[in-house]
Amino acid sequence: MKKIYKNLSLSLIAAIVAGTAFSCSTNNSLIPLEPEQTIEAQESTMGFLSARTFVETGNTIIKVFYSNKRTITNLNELGMDVWMVKPEYVIGQVPQEVMDRLKKTNIKFELLSPKEGFSVQNKFDPAYKTYETMLADLRDVASKHSGIAKLHDFGDTWEKTKGVANRDLWVMQITGKGDGSKKPGIVFFGNHHARELVTVEIPLRLIHHLLENYGKDADITNLVDNTEIWIAPMVNPDGHTLAEKGDNWRKNKDDNKLVASSARMGVDLNRNYGHQWNTGGSSNDTGSETYHGPAAFSEPETQATRDLMKSHTNLKIMMSYHSFSNLILWPWGWSDGPSPDAAKFNTIGKKLGANSGYKPEQASQLYVASGITDDYAYGVLKMLSFTTEIGSWGDGFDPPYSKVDKFWKENLPNALYLIKLAGDPNAAFGPDIDKVTKASENNFKITFNQKYENNAAKVEYFVGKPGKAGTGTAVNVDKAGTFMLNVNAKANDGTLFVRAQSTDGKWGPVTAASLK
């Protein structure tokens, strides 16, 4: 019979855990924690777990204490599914064999599950997209905006390759008039990890936002006309079908029988990419949530994303959406060392962090992980690549759909900013104009991004078509906050293009507004 611990209060969970929470001493004997210590720990760390049902899954949620960051990498390699990283501890789940190994170590840890073998059952809010409703939505919006959007099947899932199911990987191509391959490109990916539900919704909303505002919003129109944008909302459709049932499932659905007859199901797609594959922070155990697969690009899903990126040599930037932790991450993940473009990553990453309210850092500052999408896209294809971890510990992998509006508000500015940078990533070193609005017949209000310092010295503007930096009509700026720009709108028609130059001479990206 399936055992369920449903709607347990924090105090009750703490009371249950009080008898089973422990740490290991230097002689490997178990030392029980005092009940009051356990209750305090539970109340401060339960997060989204307090609103979930615990069921018997064979996995156990634990809090592991560490003093050296290398411990986190070791835990990943051991087979722990790390969910949250704090300065002195991590929280995640482990299968029983990992739990048994941990008991034989000197690592201090506590149970957050009511007992061993119990983990949370996720909730799938019916407002979230399933694979089928996502595909229907993509087909519908593509047909409504066929002049600038085209839906492509760019690969098969593992189950389709085995004749078990009929699911494909889908990507929306968005661009205005002209040959998209001759424009700078950007690609967005969602849902490498099945249970991370919001990571499907953000790319879908971005598709709708771009298509539905084209021809209405001058800045959006400029971005679409001058960029080739690729958006794939669901990289892991097979795994997502399990998440739709409420399973706390991360990997794809490869049965791994080519590895061993006793192997467990699933490969972590975000440990299966071919740059520095299996060099740390992933597991050799098929039962682990971070199992990296038998070889780099062993999975049809990662093969498809690789081939999509490789086949479009105009791609300059990649963004992959994950949840949770409210983070902006960039390469390297496999190494603590800085990348050759560390200054550029830091500059862009800090702006993305300021816009969203998320913490920006190199991925390995969280913990070392190899075989990840970012490292491949940057290390092999030379794309500036980022990961956004959406939501907090309180949100978990499956927050109520009502939270999506908040997440969308946090992430839309960053998506649009990255599309702007695709044409000239070095523009990140210059000032950022947040918006240009018409205040009166000939006066336009220029507002700089107020979430970080811009140090603008001047702006330049163009009417009708933007030119190279430094060739427009220049106006000095006294303060990079808000100021009025006078343009003879009556004598001109069409679009106003504005960019700013910093006090050290660096130009920022272009922002567009209608003269009408």
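Residues numbered from 1 in each chain as written. Predicted model: local features only at pLDDT ≥ 70, side-chain atom pairs only at ≥ 80, totals over all residues. Heavy atoms only, no water.

K.L.:
Tell me what's going on with the pattern of salt bridges, and back it up with residues and numbers.
P.N.:
On inspection of all chains with the given rule, the structure shows 25 salt bridges. A salt bridge links E97 to R264; the shortest N-O distance between them is 3.2 Å. Taken as a pair, E97 in helix α4 (residues 96-102) and R264 in the loop between α9 (237-243) and α10 (300-311) lie far apart in primary sequence, 167 residues in all. Its relative accessible area of 22% is what places E97 among the partly exposed residues. Residue class for R264 comes out partly exposed when judged on its relative accessible area of 41%. The shortest N-O distance in the salt bridge between D395 and K403 comes to 2.5 Å. Beyond isolated ion pairs, a larger network of salt bridges with shared partners links D81, R195, R250 and D268. (Salt bridge = Lys/Arg side-chain N within 4 Å of Asp/Glu carboxyl O. Helix = DSSP H or I, 4+ residues; strand = E, 2+ residues; numbered from the N terminus. Buried < 20%, exposed > 50% of the residue type's maximum accessible area, 1.4 Å probe, protein only.)

K.L.:
Give a detailed account of the packing of aromatic side chains, specifying residues and quantitative values.
P.N.:
A complete count under the given rule lists 19 aromatic pairs for this structure. Ring centres 5.8 Å apart and planes at 40 degrees place the aromatic pair F324 and W393 in the tilted group. Here the residue F324 occupies a position in the loop between β14 (315-322) and β15 (327-330), and W393 occupies one in the loop between β17 (384-389) and α14 (404-422), the gap between them amounting to 69 residues. Of the two residues, F324 and W393, neither departs from the other in class, the shared state being buried. When the centroid spacing of 4.8 Å and the interplanar angle of 55 degrees are considered together, the rings of F324 and F397 count as tilted. Taken together, the residues F324 in the loop between β14 and β15 and F397 in the loop between β17 and α14 connect sequence positions 73 residues apart. Owing to a relative accessible area of 3%, F324 belongs among the buried residues under this scheme. Sitting over the ring of F397, R195 keeps its end group 3.9 Å from the ring centre. The aromatic ring of F297 is capped on one face by R306, whose charged end is 4.7 Å from the ring centroid. (Phe/Tyr/Trp six-rings, centres within 6.5 Å; stacked < 30°, edge-to-face > 60°. Lys NZ or Arg CZ within 6 Å of the ring centre and 35° of its normal.)

K.L.:
Requested: an account of the nonpolar core, with residues and values cited.
P.N.:
Within the largest apolar cluster, 60 residues are counted, with the highest numbers of intra-cluster contacts made by M172, I174, F188, L210, I229, F386 and L418. Each residue touching I229, except ones within four places of it in the same chain, is listed here: M172, Q173, I174, I186, F188, L210, L223, V224 and I419. Y66, M80, V94 and V98 belong to the second-largest nonpolar core, a separate cluster that totals 21 residues. (Core = buried A, V, L, I, M, F, W, Y, C linked by side-chain atoms within 4.5 Å. Contact = heavy atoms within 4.5 Å.)

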